[in-house]
Amino acid sequence: MDPQTPIHAFVVDHWSIEQGLPQITVLGIAQDRAGFLWVNTQTAVARFDGAQFVTFDRAGTGIDTSMLSAVWADPLGQVWFGGAHGLLLEHDGRFTALGGNAVNAIIDAGDGTPLLATSQGLARMQHGRIVPVPGYSGPAYSLLRQGDGVWIGGLGRVCRLAAVMNPPAATCTQQDSAAAQPTAINQLASTRGSLWLGTHLGLMRLDGRRIVRSGLSPELDATSIESLLTDRDGALWIGTVPAVYRRLPDGTLEHADDSDIAHHPWVEALYEDHAGNLWMGTHIGGLYRVWNGWTRRVSLRDGLADALVWSVVRAPQGGIVLGTNSDVEIFDGKHVKPLIPGKALPNPSAYELYYDHRGRLWIGTRAGIAVYEHGRDVTPPALTALASWQINDVRELTEDDIWIGTSGGLYRWHDSILDRVDPGASVAAATIRSILPLAPNHLYLGTEDGVREWRDGKLSEPAWAEPLRGHFVSRVALLTPGMLGVATTDAGIGVMVNGQLRMITQQDGLPSDNAWTLDIHDGELYVGSIAGAWRLPLAQLPLPGMPAQPLVPQLLAGEERATSLHNTHCCNGGAGARSLIVGDVVWYSTTDGALGLDTRALGTQPKSPQALIESIEHQGHQLPGEAFDLRQGARDLAIHYTAPYLRMGSVRFRYQLEGYDTGWQDVGARRTAFYTHLPPGKYRFRVAAALSGGAAFGPETSLAIQVEPHWYERLLVRVAAILLLCLVIALLVGWSLRAQRRRNARLEAQVVQRTEQLARAIERLRVANLALAEESHTDALTALHNRRYLLARLPEVLSGDECTGVLQIDIDYFKQVNDGYGHAAGDAVLRALGRVLAAARRGSDITVRWGGEEFLLLLSGVDAAGALSIAERLRRDIAMQDFTDGRGGKIRLTCSIGFSLHPLALHADSKTFDAALELADLALYRAKQDGRNTCVGLVAASPLSTEILSSPLAPQLDALLADGRLRWVREAP
């Protein structure tokens with residue numbers, strides 16, 4: 001914990017029951033050799049690997065693990081716990097209750113074994129038993145090893161037990177006899193030259209041979225001290241109910257405000273882990289981690305008037321200038337001071353900041369721009385033309401050649417003249433978000449509609465930027481000579497090399513598809529986004545044409561973790577000056593001030609932790625993570641693994657079951673591997689962990705797993721079963737061959753007999769099929785062909801070259817027959833009509849009952865005159881026919897006939913036949929209109945076009961007749 005960093009600047013993370021802590025009251029903390037953090041709560045003990053808690057309670061261990069106040073991890077990897085019921089030992093997840101007197105504190109006895117402060121004095125472990133330590137009597141509440149001796153906090157006294165004395169004897173200093181009653185010294189800590197004593201009556205210290213008040217503050221001298229810790233930098237941390245304090249080595253006392261950690265945190269346990277992080281266990285708030293971080297936030301605590309920062313820029317004379325939502329301020333490294341008030345600007349929101357070569361500060365606001373020089377407003381009057389626009393970026397190409405990107409287009413300030421240089425741009429493309437100067441008359445522009453190029457007075461969209469069309473481009477920057485970087489708000493980041501663009505998104509491993517800004521420092525790409533600031537080695541950035549590869553950026557600030565109380569939130573949108581590199585610090589604008597990311601503090605990526613196998617779950621039972629032999633039960637396993645890592649950052653895993661998996665399985669943060677229906681065999685489960693942002697995996701851990709075969713899966717049983725099966729098959733084959741020969745003789749005789757029978761049956765079936773086919777094509781009433789017959793013959797009719805007459809015959813007033821004589825008489829008339837039409841049919845004609853009293857005749861090899869002649873003959877024959885009425889009387893009928901000729905076009909098909917039917921139907925309709933008992937033809941004078949035939953002919957009839965394409969055919973009067 002850096003003594004130079006104020007408490008409010010530390011990073012604080014928080015875990016409680018929502019994140020898996022068994023209970024909110026933390027009584028003790030320790031870290032074991034593997035790196036796990038052990039946490040005593042009022043209800044159970046928990047083990048923390050940096051991401052999740054594993055609870056060890058009575059249900060899981062068979063031992064009461066509640067209300068344990070003391071905890072110590074020995075060098076062998078064992079963890080010792082103490083409480084009112086004595087001593088407990090944990091080893092490889094197994095707990096053992098050792099009993100003894102109530103244990104208040106545990107430290108190293110000096111040889112890697114535990115030294116216990118108990119209700120009856122000191123004790124230690126010897127040959128697996130708890131034995132008393134001579135030299136001190138009475139209750140002991142706290143222990144502290146210092147040099148070759150041990151300090152003991154007792155009731156109203158503090159004693160020192162020197163290890164060199166034989167027999168050992170404690171030298172004690174008693175509490176002032178003037179005190180009303182002796183108080184227990186529950187906490188001990190030492191700093192250079194001072195021994196601090198924590199009691200329920202306040203903080204005390206040992207002054208020579210006297211116990212006196214600490215003298216640090218009146219509050220500490222009268223407040224119950226819940227915890228004490230001296231960190232590795234010599235600072236004394238003091239936990240009380242209302243607050244946390246830190247006494248620096250120079251004697252300065254710091255007091256943590258409620259907003260720094262929590263309101264009335266009631267810190268009961270303090271612990272510094274192996275990496276130097278400070279852990280706080282509280283009575284009502286759970287577990288906290290306090291650490292230096294690698295960020296420096298400049299916000300309200302540092303004097304900033306408005307925490308919403310839009311822009312950051314380096315002042316020529318030094319210092320960081322901050323554009324807030326209300327004014328412009330400057331940070332000198334320690335404090336923030338006002339620079340330009342918001343009321344002196346066109347708009348109080350200082351959205352963009354830029355210093356030109358003369359040291360003038362250009363301040364782009366949400367409504368206009370101002371220019372200041374040495375605190376004076378020197379804004380040229382011509383710039384008032386920008387008062388309607390938000391200023392997003394300002395860049396100076398050459399002396400007094402200023403380019404200004406606004407929400408209303410790209411402007412150029414040159415020779416005291418302001419010109420808009422992109423008057424033809426669309427609304428989205430005219431919203432300029434980023435300007436990248438390449439040459440005096442060559443720019444790349446990031447707009448809200450992708451990237452544009454301004455070159456020699458012309459604005460265009462580069463061919464490589466087409467995938468960015470429609471996307472909000474927040475920054476365009478050169479990453480290296482020849483390599484262009486593009487940041488977008490919703491499509492990831494892009495890399496352009498040699499006119500080719502490669503987009504990189506969340507699918508490639510980025511924390512977010514949003515990127516507000518990107519910068520290069522010391523070979524690393526730093527990106528600020530809504531998901532936080534992250535970095536990636538530039539060498540790992542995939543270029544155009546390279547195969548896809550998973551990226552693992554290192555998230556540095558602003559990660560949205562539910563465990564974070566006061567996180568380093570980053571980053572904010574804004575204009576061109578939303579990020580800044582000063583030395584080794586990358587500054588970002590945020591909604592909570594400016595955030596400085598110290599790349600030196602980041603250093604190199606820590607080594608990835610070693611993965612550990614915690615347990616194997618089989619049929620609902622948790623088994624130790626040791627070699628496992630599965631002999632019975634379901635062959636389903638769940639292997640739980642982890643990697644303790646208590647520093648900032650997440651851990652990802654990969655695993656492989658050798659003998660089953662074909663390769664490594666990359667599973668991200670998942671900490672369980674599932675396998676079902678494993679076949680018998682010998683396997684080895686391997687798992688390794690890597691840090692987010694690091695490509696290398698740490699040391700792996702392996703576990704041997706053997707799945708025993710069932711009795712029927714063993715090789716000897718399978719061989720015997722195969723041999724027995726072969727013998728059975730041989731016997732069955734021999735018996736079958738003999739039976740087959742007997743059957744063959746019988747079958748040969750039967751075959752001859754049944755072949756003859758089958759031949760006769762086939763002949764009968766052929767005759768029946770012919771009759772059935774004829775019946776299916778014949779109208780049952782009239783004995784004429786039906787539509788099915790016509791459809792079957794139609795391809796044959798259409799394939800011929802001859803002209804075919806299409807006649808539609810309709811009996812006039814046939815409904816009167818059914819109504820006047822009955823349907824039986826009507827059916828008799830239809831049968832008679834069928835005979836008349838059949839008698840008149842030529843050999844090549846097709847006569848079809850089309851439906852009801854309507855008939856269709858196809859006459860092959862006729863022209864219009866021939867069709868008319870046949871139609872007239874049929875009309876006369878029907879008119880002269882006497883039809884019986886079923887009552888001894890006669891019925892005379894007439895018919896109307898409409899006809900056409902097929903084909904109508906040069907190419908005949910089913911569509912042209914349908915058109916011929918339609919013409920015949922139109923002719924029949926005309927015959928009805930002409931008074932019935934007549935014949936009318938409608939024929940084409942010449943082949944009709946496909947365009948005419950593709951639409952119904954009735955709507956076209958008048959036009960086609962007028963054009964002479966169709967003509968009527970009638971009997972001459």
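Residues numbered from 1 in each chain as written. Predicted model: local features only at pLDDT ≥ 70, side-chain atom pairs only at ≥ 80, totals over all residues. Heavy atoms only, no water.

Q: I'm lost on the overall build of the chain in this one. Help?
A: For the chain, the helix and strand inventory stands at 11 helices and 74 strands. Taken over C-alpha atoms, the radius of gyration comes to 50 Å for the chain, far larger than the 30 Å a tight globule of 973 residues would show. Dimensions of the chain, computed from C-alpha atoms along their principal axes, come out at roughly 150 × 105 × 55 Å. Considering the chain as a whole, with its 973 residues, one finds that 52% of them fall into the buried category. Partitioning the intrachain contacts of the chain with sequence separation of at least 6 by distance along the chain shows that 52% fall at a separation of at least 24. (Helix = DSSP H or I, 4+ residues; strand = E, 2+ residues; numbered from the N terminus. Rg over C-alpha atoms; globule rule 2.2 N^0.38 Å. Buried < 20%, exposed > 50% of the residue type's maximum accessible area, 1.4 Å probe, protein only. Contact = heavy atoms within 4.5 Å.)

Q: Looking at this structure, I do not really get helix α5 (residues 787-799). What am I missing?
A: Residues that lie three or four places apart on an α-helix share one face, since the helix turns once every 3.6 residues. Its 13 residues place the ends of α5 19 Å apart at the C-alpha level, agreeing with the 18 Å of an ideal helix rising 1.5 Å per residue. Among all positions in α5, only Tyr789, Leu790, Leu794, Val797 and Leu798 are buried. Tucked into the core, α5 has its buried residues touching β67 (804-811), β68 (846-851), β69 (854-860), β72 (895-902) and α9 (910-929). The N-cap residue of α5 is asparagine 786: its side-chain oxygen and the backbone nitrogen of arginine 788 are 3.3 Å apart. (Expected span 1.5 Å × (residues − 1). Polar contact = N/O pair within 3.5 Å; in protein donor to acceptor, adjacent residues only side chain to side chain.)

Q: Would you mind going over the nonpolar core with me for this structure?
A: Looking at soluble globular proteins, one finds that nonpolar side chains tend to be buried together. Ile809 and Leu874 are the most contacted members of the largest nonpolar core, which totals 34 residues. Listing elements by their share of this core, those giving two or more residues are β67, α6 (814-821), α7 (823-840), β69, α8 (864-880), β72 and β73 (935-940). Among all residues touching leucine 874, those that are not within four sequence positions of it are Leu807, Ile809, Leu837, Ala840, Leu857 and Ile897. Of all hydrophobic cores here, the second largest spans 31 residues; its members include Trp850, Leu944, Ile948 and Leu957. (Core = buried A, V, L, I, M, F, W, Y, C linked by side-chain atoms within 4.5 Å.)

Q: Help me understand the pattern of salt bridges in this model?
A: Side-chain pairs of opposite charge can arise whenever the charged atoms involved come near each other. Tallied over the full model, the rule gives 42 salt bridges. A salt bridge links aspartate 111 to arginine 124; its shortest N-O distance comes to 2.7 Å. With aspartate 111 in the loop between β10 (103-108) and β11 (114-118) and arginine 124 in strand β12 (residues 121-126), this pair connects stretches of sequence that are 13 residues apart. Taking relative accessible area as the criterion, arginine 124 reaches 23% and is therefore assigned partly exposed. (Salt bridge = Lys/Arg side-chain N within 4 Å of Asp/Glu carboxyl O.)

Q: Got a minute to help me understand α7 in this structure?
A: Between its terminal C-alpha atoms α7 stretches 26 Å, which fits the 26 Å expected from 18 residues at 1.5 Å a residue. Residues of α7 that are buried: Ala825, Gly826, Val829, Leu830, Ala832, Leu833, Gly834, Val836, Leu837 and Ala840.

Q: Got a minute to help me understand the environment of proline 542 in this structure?
A: Relative to the elements of secondary structure, proline 542 occurs in the loop between β52 (532-537) and β53 (554-557). Here proline 542 falls in the buried class, since its relative accessible area comes to 2%. Sequence-wise, proline 542 and methionine 503 are 39 residues apart; in three dimensions their C-alpha atoms are separated by 9.0 Å. Not counting the four nearest positions on each side in its chain, proline 542 is found in contact with Val495, Arg502, Ile504, Gln549 and Leu551.

Q: For this particular structure, what's the right way to read the sheet that holds strand β58 (residues 612-618)?
A: Each strand in a sheet pairs with another by means of backbone hydrogen bonds, the pair being arranged parallel or else antiparallel. The strand order across the open sheet built from four strands is β59-β58-β61-β64, with neighbouring strands paired in antiparallel fashion. Only two strands of the sheet have a single partner each, and these edge strands are β59 (621-624) and β64 (672-675). The mean inter-strand angle of the sheet, taken between neighbouring strand axes irrespective of direction, is 25 degrees. (Pairing = 2+ DSSP bridges. Axes fitted to C-alpha atoms, helices over the stretch in contact; angles between N-to-C directions.)

Q: How do you make sense of the packing of aromatic side chains when you look at a structure like this?
A: Taken as a whole, this structure holds 23 aromatic pairs when the rule is applied. With 5.6 Å between their ring centres and 85 degrees between their planes, tyrosine 660 and tyrosine 675 make a pair best called edge-to-face. Of the two residues, tyrosine 660 sits in the loop between β62 (651-658) and β63 (665-668) while tyrosine 675 sits in strand β64, which places them 15 residues apart along the sequence. Tyrosine 660 gets classed as partly exposed once you look at its relative accessible area, which sits at 37%. Cluster of aromatic residues (ring-pair linked, three or more members): Tyr641, Phe653, Tyr655, Tyr660, Tyr675, Tyr683 and Phe685. The lysine or arginine in question, arginine 47, covers the ring of phenylalanine 36, its NZ or CZ lying 4.1 Å from the ring centre. Positioned over the ring face of tryptophan 850 is arginine 787, at 3.9 Å from the centre of the ring. (Phe/Tyr/Trp six-rings, centres within 6.5 Å; stacked < 30°, edge-to-face > 60°. Lys NZ or Arg CZ within 6 Å of the ring centre and 35° of its normal.)

That's the geometry; what it means functionally is another story.
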